[in-house]
Amino acid sequence: MAGFIDEDAFTKKTLVLGIGNAWRGDDAVGLLAAQALRARKLPGVTVMEASIVDPSLIALWQGYERLVLIDAVVSGAAPGSVHCFDLSQRPLPTDLFSCSTHSFDLAAVIELARTLRQLPPQVWLFGVEAHELSSGQPVSAAVRMGLVHCIDRIVESLQI
């Protein structure tokens, strides 16, 4: 019956994927951002969390129009600084994850997906500058402040 099916209902709009390790201080920032964004119940947005970075993540984002990744980064900027990268056409700078606590390099997973033509049309990474990545440490105050700014920037970028 033409006209009764909402074609947009079959299109996955946006996947927000918070990445982190809840037991390693500031590395939990991606998980905390995902939890905060999930609580907002943003229309057209699916929110997931990942504690492991490996090629299996590629399957998670299949069929989405937009992918928003959130993770801790280490670039030498002030702790809590928020970085935003549009990865739709260019690679992620690999030096941001030199101190990653993940089992696999996020930049490598993204580039593998790009090579396999398995990236959504829009891909963004929001990185919050980490300071304390030691096991058993809480998220630092500076990163908690950066987290609030990061969430605001993501919501603004999604134009919701």
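The preceding data block contains the structure.
Scoring rules and cut-offs
- Residues numbered from 1 in each chain as written.
- Predicted model: local features only at pLDDT ≥ 70, side-chain atom pairs only at ≥ 80, totals over all residues.
- Heavy atoms only, no water.
- Helix = DSSP H or I, 4+ residues; strand = E, 2+ residues; numbered from the N terminus.
- Buried < 20%, exposed > 50% of the residue type's maximum accessible area, 1.4 Å probe, protein only.
- Contact = heavy atoms within 4.5 Å.
- Areas by Shrake-Rupley, 256 points an atom, 1.4 Å probe, with all protein chains shown as cover.
- Salt bridge = Lys/Arg side-chain N within 4 Å of Asp/Glu carboxyl O.
- Pairing = 2+ DSSP bridges.
- Right-handed = clockwise from strand over helix to strand, strands pointing away.
- Core = buried A, V, L, I, M, F, W, Y, C linked by side-chain atoms within 4.5 Å.
- Axes fitted to C-alpha atoms, helices over the stretch in contact; angles between N-to-C directions.

Asks: Got a sec to walk through the overall build of the chain? Specific residues and values, please.
Replies: Counting secondary structure elements, the chain contains four helices and five strands. When the elements of the chain are put in sequence order from the N terminus, they spell out β-α-β-α-β-β-α-β-α. Counting only residues that meet the buried cut, the chain has 43% of its 160 residues in that class. In the chain, the share of contacts with a sequence separation of at least 24, taken over all contacts with a separation of at least 6, comes to 80%. Total accessible area computed for the chain in this model is approximately 8300 Å², and 55% of it derives from carbon and sulfur atoms.

Asks: Lay out the pattern of salt bridges with the relevant residues and their values.
Replies: In this structure the tally under the stated criterion is three salt bridges. Residue Glu49 is joined to Arg38 by a salt bridge in which the shortest nitrogen-to-oxygen separation is 2.9 Å. Highlighted residues: Glu49 in strand 2 (residues 45–50) and Arg38 in helix 1 (residues 29–40), separated in sequence by eleven residues. On the accessibility criterion, Arg38 (36% relative accessible area) is partly exposed. Ionic pairing is found between Glu111 and Arg114, a salt bridge with its closest N-O pair at 2.9 Å. Of this pair, Glu111 and Arg114 both sit in helix 3 (residues 106–115), three residues apart, which is roughly one turn of the helix. Taking the relative accessible area as the measure of exposure, Arg114 reaches 23% and is therefore partly exposed.

Asks: Go over the pairing of strand 1 (residues 12–19), please, and point to the residues and values.
Replies: For strand 1, the tally of buried residues reaches six of eight residues, placing the bulk of the element in the interior. In terms of strand pairing, strand 1 meets strand 3 (residues 64–73) through six bridges, oriented parallel. Bridge pairing links Leu15 to Leu67 in strand 3. Two elements, strand 1 and strand 2, share six bridges in a ladder whose sense is parallel. Opposite Leu15, over in strand 2, you have Thr46 as the bridge partner. This β-α-β element, strand 1 to helix 1 to strand 2, shows right-handed connectivity.

Asks: Any chance you could break down the nonpolar core for me, citing the residues and the numbers?
Replies: Within the largest apolar cluster, 26 residues are counted, with the highest numbers of intra-cluster contacts made by Leu37, Val68, Ile70 and Ile154. The set of elements that each furnish at least two residues to this core consists of helix 1, strand 2, strand 3, strand 5 (122–129) and helix 4 (141–158). With 21 residues, the next largest nonpolar core counts Tyr64, Leu92, Ala107 and Leu119 among its residues.

Asks: Can you tell me about the sheet that holds strand 4 (residues 82–86), naming the residues and giving the values?
Replies: Across the sheet, five strands lie side by side as 2-1-3-5-4; this open sheet has mixed pairing. Each edge of the sheet is formed by a strand with only one pairing partner; in this case those strands are strand 2 and strand 4. Averaged over neighbouring strand pairs, the angle between their axes works out to 20 degrees when direction is ignored. In this fold helix 1 packs onto strand 1, strand 2, strand 3 and strand 5, with an angle of close to 150 degrees to the strand it touches most, strand 2. Across the sheet, helix 4 is in contact with strand 1, strand 2, strand 3, strand 4 and strand 5; its angle to strand 5 comes to roughly 160 degrees.

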